[in-house]
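If you want the building blocks of each chain, they are given just below.
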Amino acid sequence: MNCKNCNNEVNSKYCPNCGQPTEVKRIDGHYIVHEITHLLHFEKGILYTIKQLLINPGKTIRKFILEDRSRLVKPVVFIIITSLVFSLVAHFFHIESFVSYEDVQNTSTANKIFKWGDINSGYTNIIIGVFIALWIKLFFQKSNFNLYEILILLCFVTGMSMLFFSVFAFLQGIIHFELMKISGIIGIIYCTWAIGQFFDKGKVLSYIKAFFAYVLGMMSFSLVVVIIGTLIDKLIGH
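Because the structure is predicted, anything quoted here is derived from the model rather than measured.

What follows covers the packing of helix α2 (residues 46-55) against helix α3 (residues 57-66). Interhelical geometry of α2 versus α3 gives an angle of 125° and a closest axis separation of 5 Å. When the axes of α2 and α3 are compared, the pair comes out oblique. Contact residues: α2 offers Q52, L53 and I55, while α3 offers P57, T60 and I61.

It is worth spelling out the packing of aromatic side chains at this point. Evaluated as defined, the whole model comprises 15 aromatic pairs. Taken together, the ring pairs connect F140, F145, F198 and F199 into an aromatic cluster. It is R62 that lies over the ring of F198; its NZ or CZ is 5.7 Å from the centre. Looking at K209, its charged tip hangs above the ring of F140, at a distance of 4.5 Å from the centre.

Per-residue pLDDT for the chain averages 86, and the proportion of residues at 70 or more is 90%. The low-confidence segment residues 99-104, where pLDDT is below 50, has six contacts with residues more than four positions distant or belonging to other chains.

Attention now goes to a nonpolar patch on the surface. Together, V167, F170, L171, I174, I175 and F177 make up a nonpolar patch on the protein surface, roughly 570 Å² of accessible area in all. Its location among the elements puts I175 in helix α7 (residues 147-175).

This part covers the nonpolar core. In terms of nonpolar packing, the biggest core is built from 35 residues, with I61, F78, I136, I195 and F199 touching the most fellow members. Mapped onto this core, the elements with two or more residues apiece are α2, α3, α6 (121-139), α7, α8 (180-200) and α9 (204-235). A per-element tally of this core places α7 first, with eight residues. Sequence-distant contacts of I61, defined by excluding residues within four places in its chain, comprise L53, L153, F156, V157 and F198.

A separate point is the pattern of salt bridges. On inspection of all chains with the given rule, the structure shows one salt bridge. Of the charged contacts, one joins D200 and K203 as a salt bridge, the two residues approaching to 4.0 Å between their closest N and O atoms.

A word on the side chain of N125. Along the polypeptide, N125 turns up in helix α6. Setting aside chain neighbours within four positions, we find N125 in contact with I79, S83, T158 and M162.

Relative to the 46 Å expected for 32 residues at 1.5 Å per residue, α9 spans 47 Å between its end C-alpha atoms, a close match to the ideal helical length. All of the buried residues along α9 are S206, A210, A213, Y214, G217, S220, F221, V225, G229 and D233. Looking at the buried positions of α9, the neighbouring elements they touch are α5 (109-119), α6 and α8. The positive-phi residue at the C-terminal boundary of α9 is G237, with phi of around 70°.

What follows covers α5. Where α5 is concerned, the buried positions are T109, A110, N111, G117 and D118. Residues of α5 that are buried sit in contact with α6 and α9.

Cut-offs applied
Residues numbered from 1 in each chain as written. Predicted model: local features only at pLDDT ≥ 70, side-chain atom pairs only at ≥ 80, totals over all residues. Heavy atoms only, no water. Axes fitted to C-alpha atoms, helices over the stretch in contact; angles between N-to-C directions. Helix = DSSP H or I, 4+ residues; strand = E, 2+ residues; numbered from the N terminus. Parallel < 35°, antiparallel > 145°, perpendicular 65-115°, else oblique. Contact = heavy atoms within 4.5 Å. Phe/Tyr/Trp six-rings, centres within 6.5 Å; stacked < 30°, edge-to-face > 60°. Lys NZ or Arg CZ within 6 Å of the ring centre and 35° of its normal. pLDDT = per-residue confidence, 0-100. Patch = residues over 30% accessible without salt bridge, like charges linked within 9 Å, V, L, I, M, F, W, Y side chains within 5 Å. Areas by Shrake-Rupley, 256 points an atom, 1.4 Å probe, with all protein chains shown as cover. Salt bridge = Lys/Arg side-chain N within 4 Å of Asp/Glu carboxyl O. Core = buried A, V, L, I, M, F, W, Y, C linked by side-chain atoms within 4.5 Å. Buried < 20%, exposed > 50% of the residue type's maximum accessible area, 1.4 Å probe, protein only. Expected span 1.5 Å × (residues − 1).

Right, here's the structure in full:
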């Protein structure tokens, strides 16, 4: 028979060319449990990824990019999962992260975009990451990392920020005390520390550049949204 993946001739259980099994097992309860266990594994999986990013983010992400990509959760999957966790917690406790839209009559397009981004944090984080990555690339021109590798860095770093936000959102929902602004400050501190450590943990300037790259990236995103929203409003005569 021929391999269904690469069409190479196969006479065993696995294709000698690409490693694809000749027979794919049916999806059942055992398969689902195995996938969940694999995702939550302490040696390989999201819990291991969180632990490493919490202890030594710069070294961990550099190793993922340059050496070993088998132990950490894939960066895009990580940021989507962590953003989903935050969205679920925020929705359950009726928390709209850092901005309250209650009794706000502003119907501008920009405001609608910001509100959409607040609800769909996973997509928003990836978009904002592009703006931050451009500023990082500008401030760390001497580094050999390309834009795509910097985006991988930001997926991991932003994903951890979403977990911080989730914890504070949960606590806010339990004790009914405003904590999201505090979580925002902690998120900026963590991102600054992680990005600075990634490039050169021994230099203070690295952390200063990381801070301004992160803040300017956020501001650039907001400015672009306002400009686009204003142009749309003028075109439709809002």
